[in-house]
Amino acid sequence: MTEPLGAAPRFVGQSVGRKENKRFLTGRGRYVDDFMEAGMLHAAILRSPLARANITVDASAARELPGVWAVYTAADINDMFEPLVSVFGDAGPFGVRTVLAETQVSYVGDPIAIAIADDRYIAEDALELIDVDYDPLDAVASISAAKSSPSCIPGRDTNLAFEMSLALPGSKEAFESAAQVVTARIAQGRISPSPMEGRGIISNPIMDGKLEVRLSSQNPHAAKSFIARSLRLQENHVRVMSPDIGGAFGQKFGVNRDFLATIAASLKLRRPVKWIEDKPEALQAGGHGRAEELELSIALDASGQMLATHFKVEDNGGADPVSPPGGLTQLMAMIHTGAYNIPTMMADCKAWFTNTCGSTAYRGPWAGETLIREITVDKAARAMGMDPVEFRRRNVVTQWPHKLPMGLIIDDVSPLETLDRAVEKIGYAAFRAEQAKARAEGRYLGIGIGLCIEPTAISPGGGTDTAEVRIETTGKITAVLTCHSQGHSVETTMAQIIADEMGVGVDDVTIAFGDTDSITSGSGAGGSRQAVVAGGAAHIASGLLRDKVFKLAAHFLQTEPEGLKLEGGSVVGSGPSAPSITLAALGKAANVATLTLPEGMEAGLTARYCYTPPPFTFANACHAAIVEADPGTGLVKVLRYVVAEDCGVMLNPAVVEGQIAGGVIQGIGNALWEEQHYDEAGNPSAGTYKDYILPVSTDAPAIEYVHVCTPSKTPTGAKGVGEGGAIVGAPTIFNAVMDALAPFDPEFEQLPLTPSRILAGLRAKG
Amino acid sequence: MSDHDINLTVNGRKVARRVPARRTLLDFLRADLGLTGTHAGCEHGVCGACTVMIDGVAMRSCLTFAVQMDGHAVTTVEGVAHEDGSFHPVQQALHDNHGLQCGFCTPGIVMSLLSMTEGEQKASRAEILDAMSGHICRCTGYQGLHKAIAQLTEANHD
Ligand code: FES
Ligand code: FES
């Protein structure tokens with residue numbers, strides 16, 4: 001049913017130019033902030049400047065300002081909501097569970113009041129007139145403070161959010177009998193996901209008790225369910241439309257308290273209300289990723305064979321995380337042995353609530369396991385006096401499928417091949433000579449390797465996506481899908497899949513998504529799933545549609561469906577006469593001239609498939625980077641960057657490389673610059689993007705690619721590729737900096753490796 | 001707060017409006033004129049998403065007040081493509097080289113590239129590369145941008 005007929009694919013595998021570019025390049029993209037509704041009002045949100053305080057709020061003066069329609073505080077709107085849970089519907093525990101802070105604020109940025117006015121300028125004026133009396137309390141801003149302090153979140157009795165310990169059989173013995181145990185630690189810098197488009201919403205209560213929400217969201221269906229559940233609305237009375245999204249990187253999977261406050265305001269005023277996050281708000285209150293402290297110990301035998309690991313992670317969930325903190329630490333523990341033969345393991349995972357901004361998903365939210373593993377693997381190689389590439393070769397798994405210590409089975413991956421190809425591409429052997437020469441001249445070059453198996457299209461417990469493909473009266477094809485795009489290019493890649501299956505051009509296929517009224521529930525964008533899951537749905541639905549097309553064509557061509565082919569927009573029969581009929585003729589017959597259809601045949605030419613993927617589809621990659629580090633200034637420059645990756649069948653190589661590149665540069669930012677740091681009083685260090693350093697074009701090396709292809713066992717043969725770049729980027733750069741500065745015996749235990757941290761971490765004179 | 005009458009040219013058309021003194025050019029273009037192609041990124045001068053051309057020079061509309069535009073000519077991304085809708089070479093170069101993903105930073109990048117590749121004094125490849133560090137793109141890792149710049153400066157490589 002799903003095997004392509006006739007000729008080999010024509011579009012899948014080609015770097016087809018993106019269909020979405022035309023509108024973006026001419027200023028015709030439509031992001032949430034570009035929509036206006038009749039009678040629309042504008043919201044601004046008052047946020048706490050203190051990390052923890054008891055508050056009393058008086059908004060009376062603000063309410064009197066001309067142009068202000070309302071100022072709502074907790075007392076006005078919190079009763080409209082159920083206690084907040086997560087967008088994923090997990091069981092908890094949750095931090096702050098109210099929409100606006102009631103008697104206590106819990107972090108800098110905690111929303112206190114929402115002002116609604118004729119325009120944003122007046123709404124912000126109103127915020128200035130709100131009188132808040134702050135009675136400061138001791139803030140709990142770090143994991144170590146959380147451990148030694150009573151609960152810092154109202155309504156909770158402990159700061160501990162999650163705890164898991166396990167020791168698999170043989171692990172203790174392996175550590176006791178080891179010839180050598182190597183331990184490394186790293187604390188991540190907190191990442192602000194920083195999509196260029198901030199979060200945004202237009203909430204519009206329409207007639208008949210229905211609510212229309214335009215939302216900058218990765219997954220409008222999950223948002224719809226969450227909004228309905230939180231507001232005690234009937235789910236099919238809520239419509240969520242997510243138009244063009246200006247980047248998301250995980251941040252826009254959840255529905256935050258700010259959105260709910262805006263919805264409440266619109267319901268109370270019965271007017272459309274728009275709230276658009278500004279960037280200081282994004283940095284303080286837009287959610288943070290990677291706020292974790294990691295430690296890994298590896299037990300080794302005398303030959304350098306890994307015997308066991310002990311993985312430890314502590315996660316700082318902040319005050320109002322979008323999902324229960326610690327949930328991902330279990331996944332981290334499960335997969336942290338990665339591509340290496342490590343028979344047994346121990347793990348200790350904890351998560352904490354603190355008076356900091358809540359955690360959110362960020363590109364490869366479990367990336368800490370790869371970071372700490374690859375750092376520790378390099379350290380172990382040094383401890384064994386072995387080259388890090390040789391050490392990896394000795395320990396890498398070569399027999400697949402392979403069962404990880406906690407039982408997860410991995411297959412269809414090629415870590416050794418990507419390692420070999422990356423090392424070859426970067427010229428590893430020659431580099432060592434160059435490095436020695438440079439050192440003699442007082443220049444410190446280093447090479448770093450990062451090896452990773454990445455779970456993609458993560459869908460334990462289901463995680464379906466649906467494609468509905470139809471032939472219009474003109475013979476053109478429209479497909480509605482439950483995927484989404486924040487730059488993922490699905491309007492192009494999904495059209496490629498469907499065009500190949502239907503024997504038409506990419507331009508003959510139009511892809512639609514992002515409106516919960518137009519299609520059943522699905523999983524949207526997230527967890528590197530779209531090529532696999534939405535792609536799988538598109539592939540299978542197209543096959544079903546083709547069967548229907550052949551059946552109808554056979555009727556008109558007076559032949560049997562078997563042996564028909566789809567080519568160039570026509571169904572073509574076999575034999576010397578090769579009778580044919582166009583899709584346009586079939587579309588017209590099926591949709592309009594329905595009396596010409598065979599008796600009993602359903603009118604219309606539509607096929608729909610809801611695809612349930614395997615729980616995991618594994619991709620893998622090896623990155624290699626060359627950096628120059630200056631022990632005088634602490635500055636690091638990335639000179640070369642090689643990615644050898646196996647994402648199975650590439651739907652569109654330019655799209656694949658674009659996803660990798662974006663991730664790698666974020667990984668470099670994670671390693672070298674990006675950080676929202678909190679002091680002990682809970683004050684964030686970055687108020688603007690002058691303080692939170694995002695990589696710019698002059699920081700970005702030209703990325704060199706090697707593509708290895710082990711197809712996945714899914715309909716398209718693809719694997720996810722959205723997150724791997726960000727996951728492997730940071731450890732690759734870290735290892736390269738360590739290698740460059742090896743003569744100075746460096747020790748770094750905190751990211752990012754800012755110049756001051758690098759200078760402080762050099763322990764020898766060199 | 002005072003209101004002011006301004007007369008300016010936007011994408012070749014004459015515009016006459018009354019604006020409050022504090023209204024930014026960014027908000028004026030987007031909300032008053034409906035030219036939503038110019039994007040509000042950081043609104044504090046760092047990201048470049050709001051870049052437009054004022055009298056042929058790339059400027060940040062988030063740091064410019066509408067009232068300052070009296071008597072000036074503003075070009076936005078909506079005014080870049082050819083009459084027949086086909087791409088300007090700058091747009092074509094970004095398209096050809098996969099220089100955009102989500103498209104949010106793109107209008108600003110188009111305007112800066114335009115201001116450096118049009119007119120009498122064309123900037124060198126090195127100058128353009130350097131200047132483009134004033135634009136933040138969170139999606140692409142700048143790979144396509146670098147290639148687009150190479151394509152745009154091929155004729156006069158240096
Ligand atoms: S929006 Fe103007 S520079 Fe960022
Ligand atoms: S394409 Fe998304 S920010 Fe540049």
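The rules behind the values
- Residues numbered from 1 in each chain as written.
- Chains lettered and ligands numbered in written order.
- Predicted model: local features only at pLDDT ≥ 70, side-chain atom pairs only at ≥ 80, totals over all residues.
- Heavy atoms only, no water.
- Helix = DSSP H or I, 4+ residues; strand = E, 2+ residues; numbered from the N terminus.
- Rg over C-alpha atoms; globule rule 2.2 N^0.38 Å.
- Buried < 20%, exposed > 50% of the residue type's maximum accessible area, 1.4 Å probe, protein only.
- Contact = heavy atoms within 4.5 Å.
- Areas by Shrake-Rupley, 256 points an atom, 1.4 Å probe, with all protein chains shown as cover.
- Lys, Arg positive; Asp, Glu negative; His and termini not counted.
- Charge placed at Lys NZ, Arg CZ, Asp CG, Glu CD.
- Pairing = 2+ DSSP bridges.
- Axes fitted to C-alpha atoms, helices over the stretch in contact; angles between N-to-C directions.
- Phe/Tyr/Trp six-rings, centres within 6.5 Å; stacked < 30°, edge-to-face > 60°.
- Lys NZ or Arg CZ within 6 Å of the ring centre and 35° of its normal.
- Domains from an automatic or database assignment.
- Buried area = accessible area lost by both parts, 1.4 Å probe.
- Salt bridge = Lys/Arg side-chain N within 4 Å of Asp/Glu carboxyl O.
- Polar contact = N/O pair within 3.5 Å; in protein donor to acceptor, adjacent residues only side chain to side chain.
- Nonpolar A, V, L, I, M, F, W, Y, C, P; charged D, E, K, R; others polar.
- Core = buried A, V, L, I, M, F, W, Y, C linked by side-chain atoms within 4.5 Å.

Undergrad: Talk me through the overall build of chain B; I want residue IDs and the actual numbers.
TA: When you go through chain B residue by residue, the secondary structure sums to 5 helices and 5 strands. Listed by position from the N terminus, the elements making up chain B come as β-β-α-β-β-β-α-α-α-α. Computed over C-alpha atoms, the radius of gyration of chain B comes to 16 Å, within 12% of the 15 Å expected from 2.2 N^0.38 for 158 residues, which places it in the range of a compact globule. Principal-axis analysis of the C-alpha atoms gives chain B an extent of 50 × 30 × 25 Å. Buried positions account for 53% of the 158 residues belonging to chain B. Taking as baseline every contact in chain B between residues at least 6 positions apart, the subset at least 24 positions apart corresponds to 55%. For chain B, the accessible area works out to roughly 6,500 Å², and carbon and sulfur atoms hold 48% of it. Charge-centre separation for chain B: the mean point of 12 positive side chains lies 6 Å from the mean point of 17 negative side chains.

Undergrad: Give me the sheet that holds strand S2 (residues 13–20) of chain B: which residues, what numbers.
TA: Residues and elements named next belong to chain B. With mixed pairing, 5 strands are arranged side by side in an open sheet as S2-S1-S5-S3-S4. The open sheet has two edge strands, S2 and strand S4 (57–60), and neither has a second partner. Across the sheet, the axes of successive neighbouring strands diverge by a mean angle of 40°, strand direction being ignored. By the bridge criterion, 2 bridges tie strand S3 (residues 51–54) to strand S5 (residues 73–75) in an arrangement that is antiparallel. By the bridge assignment, Ile54 is partnered in S5 with Val74. Against the sheet, helix H1 (residues 25–32) makes contact with strand S1 (3–10), S2, S3 and S5, and its axis sits at roughly 115° relative to S2, the strand it touches most. Packed on one face of the sheet, helix H3 (residues 106–117) meets S3, S4 and S5 and runs near 35° to S3.

Undergrad: Before we move on, could you go through the packing of aromatic side chains and cite the residues and values that matter?
TA: Inspection of the entire model under this criterion finds 7 aromatic pairs over all chains. Consider the rings of A:Phe24 and A:Tyr31, whose centres lie 6.0 Å apart with planes at 25°: the pair is stacked. A:Phe24 sits in the buried class, given a relative accessible area of 6%. Owing to a relative accessible area of 1%, A:Tyr31 belongs among the buried residues under this scheme. With a centroid separation of 6.4 Å and 90° between ring planes, the pair formed by A:Phe734 and A:Phe748 is classed as edge-to-face. With A:Phe734 in helix H19 (residues 724–740) and A:Phe748 in the loop between H19 and helix H20 (755–761), this residue pair connects regions lying 14 residues apart in the sequence. Comparing A:Phe734 with A:Phe748, the two get one shared label, buried. One aromatic cluster is present, built from ring pairs that chain together A:Phe24, A:Tyr31 and B:Phe104. Positioned above the aromatic ring of A:Phe24, the side-chain terminus of A:Arg23 is 4.7 Å from the ring centre. Stacked on the ring of A:Trp69, the Lys or Arg A:Arg271 has its end atom at 4.3 Å from the ring centre.

Undergrad: Tell me about the side chain of A:Thr482, residues and numbers included.
TA: Inspection of the secondary structure assignment puts A:Thr482 in the loop between strand S20 (477–481) and helix H15 (490–502). Setting aside its immediate chain neighbours within four residues, A:Thr482 contacts A:His221, A:Asp465, A:Thr466, A:Ile519, A:Thr520, A:Ser521, A:Gly522, A:Ser523 and A:Gly524.

Undergrad: Explain unusual backbone geometry to me, and be specific about the residues and the numbers.
TA: Residues and elements named next belong to chain A. In this chain, Trp400 is followed by Pro401 through a cis amide linkage whose omega measures 0°. Tracing the sequence through the fold places Pro401 in the loop between helix H12 (388–395) and strand S16 (402–403). In the segment running from Leu751 into Pro752, the intervening peptide bond is cis, with an omega of -10°. The phi dihedral of Ser528 falls on the positive side, at around 50°, and the residue is not glycine.

Undergrad: Go over the domain arrangement of chain A with me, naming the residues and quoting the values.
TA: All names here are of chain A. Examined at the domain level, chain A breaks down into domain 1 (21–29 + 460–611), domain 2 (36–140 + 194–285) and domain 3 (411–454 + 616–766). For domain 2 versus domain 3, the separation of C-alpha centres amounts to 37 Å. Between domain 2 and domain 3, the contact holds 11 residues from the first and 14 residues from the second. In total, domain 2 and domain 3 occlude about 930 Å² of area from one another, counting both sides; carbon and sulfur atoms represent 60% of this. Among the residues domain 2 hides against domain 3, the three largest losses belong to Val108, Ser194 and Leu283. Together they make up 50% of the total. Put simply, domain 2 and domain 3 have 0 salt bridges between them. Where domain 2 touches domain 3, the interface holds 2 residue pairs in polar contact (both at pLDDT 80 or more). Its residues assigned to classes, the side of domain 2 that touches domain 3 comprises 8 nonpolar, 2 polar and 1 charged.

Undergrad: So what's going on with the domain arrangement of chain B? Which residues, and what values?
TA: Residues and elements named next belong to chain B. The domain architecture assigned to chain B consists of domain 1 (3–79) and domain 2 (89–156). Between domain 1 and domain 2, the C-alpha centre-to-centre distance is 21 Å. At the junction of the two partners, domain 1 supplies 17 residues and domain 2 supplies 13 residues. Carbon and sulfur atoms supply 66% of the area buried between domain 1 and domain 2, which totals about 1,100 Å² over both sides. Put simply, domain 1 and domain 2 have 0 salt bridges between them. Our count for the contact surface shared by domain 1 and domain 2 stands at 4 residue pairs in polar contact (both at pLDDT 80 or more). For the side of domain 1 that touches domain 2, the secondary structure elements donating two or more residues are S3 and S4. For the side of domain 1 that touches domain 2, the element with the most residues is S3, which contributes 3 residues.

Undergrad: Just give me the short version of the pattern of salt bridges, but keep the residues and values in it.
TA: Applying the stated criterion to the full structure yields 52 salt bridges over all chains. Close ionic contact of B:Arg23 with B:Asp32 constitutes a salt bridge, the shortest N to O distance being 3.1 Å. With relative accessibility at 12%, the residue B:Arg23 sits in the buried group. According to the relative accessible area criterion, B:Asp32 is partly exposed, its value standing at 28%. Here the salt bridges share partners, and the residues they tie into one network are A:Arg47, A:Arg120, A:Glu124, A:Arg199, A:Asp258, A:Glu277, A:Asp278 and A:Glu281.

Undergrad: Please provide a residue-by-residue account of the interface of chain B and chain A, values included.
TA: Across the contact, 47 residues belong to chain B and 56 residues belong to chain A. Surface buried jointly by chain B and chain A totals about 3,900 Å² across both partners, of which 57% is contributed by carbon and sulfur atoms. One can count 4 salt bridges joining chain B with chain A. Across the pair B:Arg30 and A:Asp34 runs a salt bridge, and its minimum N-O distance is 2.7 Å. Taken together, the links from chain B to chain A amount to 27 residue pairs in polar contact (both at pLDDT 80 or more). Every element with two or more residues in the side of chain B that touches chain A is listed here: H1, helix H2 (89–96), H3, helix H4 (125–131) and helix H5 (143–152) of chain B. Residue classes in the side of chain B that touches chain A are distributed as 20 nonpolar, 19 polar and 8 charged.

Undergrad: Before we move on, could you go through the pairing of strand S3 (residues 68–73) of chain A and cite the residues and values that matter?
TA: All names here are of chain A. The element S3 is extensively covered by neighbouring structure, given that 5 of its 6 residues are classed as buried. Taken together, the 5 bridges between S3 and strand S5 (residues 111–117) define a ladder with antiparallel strand orientation. Of the residues in S5, the one forming a bridge with Tyr72 is Ile114.

Undergrad: An account of the environment of A:Thr492 is needed here, citing residue identities and associated values.
TA: Residues and elements named next belong to chain A. With respect to the helices, strands and loops of the structure, Thr492 is situated in helix H15. Assessed through its relative accessible area of 0%, Thr492 is described here as buried. Among all residues touching Thr492, those that are not within four sequence positions of it are Val16, Gly17, Arg18, Lys19, Glu20 and Asn652.

Undergrad: An account of the nonpolar core is requested, with residue identities and associated values reported.
TA: Across soluble globular proteins, nonpolar side chains have a tendency to be buried as a group. With 160 residues, the main nonpolar core has A:Ile733 and B:Leu113 as its most contacted residues. Sort the elements by how many residues they give to this core and H19(A) lands first, with 9 residues. Excluding residues that lie within four positions of it along the chain, B:Leu113 makes contacts with B:Val90, B:Leu94, B:Ile128, B:Met132, B:Leu145, B:Ile149 and B:Leu152. The next biggest cluster of nonpolar side chains, apart from the first, holds 50 residues, and it includes A:Val16, A:Val533, A:Leu583 and A:Ala589.

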